[in-house]
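# Chains, contacts and geometry: an overview
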Amino acid sequence: MEPYRATTRRHLATSPFKPPVREPLKVFAPGDRVSHDREGLGTVAAVEEGIAVLVDFGPNRIRVLAPFAKLHLL
């Protein structure tokens, strides 16, 4: 079994394959209603541009880090 790799390998200039396309970061504003895959519905409380979003899920607040794969704008 291979160990988990936290980052992807860099694209070599001599590679015959195209480099992977990066998706643009999602943009959130305070007060936006969002849905999280595990936590459910919440409201954006604060935004750290390009770094993280603080989301209020009722009794608890969670800091979701970029690239916000599990966070969806409603």
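Up top is the structure these notes are about.
Below is a summary of the structure that appears in this document. All residue numbers here refer to positions counted from 1 along the written sequence of the relevant chain. Reporting of local features is limited, given that this is a predicted model, to residues whose pLDDT is at least 70; pairs of side-chain atoms are given and counted only at 80 or more, and all residues count toward the totals for whole chains, interfaces and linings. Each side-chain value is derived from all of the structure's non-hydrogen atoms; neither hydrogens nor water enter the calculation.

## Observations concerning the pairing of strand β4 (residues 61–65)
Note: strand β3 (residues 52–56) against β4, 5 bridges, orientation antiparallel. Opposite Val55, over in β4, you have Ile62 as the bridge partner. Strand pairing is defined by DSSP finding a minimum of two bridges between the two strands. Only runs of H or I of at least four residues qualify as helices and only runs of E of at least two qualify as strands under DSSP, and these elements are numbered from the N terminus. Hairpin connection of β3 to β4: 4 residues between the antiparallel strands, including Gly58 at a positive phi of 85°.

## Thoughts on the nonpolar core
Think of a nonpolar core as a cluster: buried Ala, Val, Leu, Ile, Met, Phe, Trp, Tyr and Cys residues, connected wherever their side-chain atoms sit within 4.5 Å. When a residue's accessible area, from a 1.4 Å probe over protein chains only, is under 20% of the maximum for its type it is buried; when over 50% it is exposed; and in between it is partly exposed. Phe28, Val34, Val44, Val53, Val55, Phe57, Val64, Phe68 and Leu71 form the largest nonpolar core, which has 9 residues in total. Whether two residues touch is decided by their heavy atoms; if any such pair falls within 4.5 Å, the residues are in contact. Setting aside its immediate chain neighbours within four residues, Phe28 contacts Val34, Val44, Val47, Val53, Phe68, Leu71 and Leu73.

## Describing the layout of surface pockets
Empty space among the atoms becomes apparent when a probe as large as a water molecule is rolled across them. Using only the protein atoms, space was sampled on a 1 Å grid; points where a 1.4 Å probe fits but cannot get out form cavities, open sets with protein on both sides within 12 Å along at least five of seven lines form pockets, and lining residues are those with an atom within 4 Å of a point. Grid points are joined across faces, edges and corners, and a volume is the space filled by probe spheres set on the points. As a volume, the largest pocket reaches approximately 260 Å³. Under the grouping applied here, Gly and all other residues not named as nonpolar or charged are polar, the nonpolar ones being Ala, Val, Leu, Ile, Met, Phe, Trp, Tyr, Cys and Pro and the charged ones Asp, Glu, Lys and Arg. Residue classes in the lining of the largest pocket are distributed as 6 nonpolar, no polar and 3 charged.

## Section: unusual backbone geometry
A cis geometry characterises the amide bond from Ala66 onward to Pro67, with omega recorded as 20°. Checked against the element boundaries, Pro67 lands in the loop between β4 and β5 (71–73). Of note in this structure, Phe68 is not a glycine but carries a positive phi near 60°. Among the secondary structure elements, Phe68 is positioned in the loop between β4 and β5. Residue Phe68 is classed as buried on the basis of its relative accessible area of 3%.

## Side note on the packing of aromatic side chains
Any two of the Phe, Tyr and Trp rings considered here, Trp counted by its six-membered ring, make a pair once their centres fall within 6.5 Å; the pair's planes then place it as stacked at under 30 degrees, edge-to-face at over 60, or tilted in between. As enumerated under the stated definition, the model contains 1 aromatic pair in all. Between Phe28 and Phe68, the ring centres sit 5.4 Å apart and the planes meet at 90°, which makes this aromatic pair edge-to-face. With Phe28 in the segment before β1 (33–36) and Phe68 in the loop between β4 and β5, this pair connects stretches of sequence that are 40 residues apart. Here Phe28 falls in the buried class, since its relative accessible area comes to 7%.

## A few points about the pattern of salt bridges
One side-chain nitrogen of Lys or Arg within 4 Å of one carboxyl oxygen of Asp or Glu is enough to make a salt bridge. Evaluated as defined, the whole model comprises 2 salt bridges. A salt bridge links Glu39 to Arg38; the shortest N-O distance between them is 3.7 Å. With relative accessibility at 30%, the residue Glu39 sits in the partly exposed group. When the shortest N-O distance is used, the salt bridge between Glu48 and Arg63 registers 2.9 Å. Here the residue Glu48 occupies a position in strand β2 (residues 40–48), and Arg63 occupies one in strand β4, the gap between them amounting to 15 residues. Judged by relative accessible area, which is 47%, Arg63 ranks as partly exposed.

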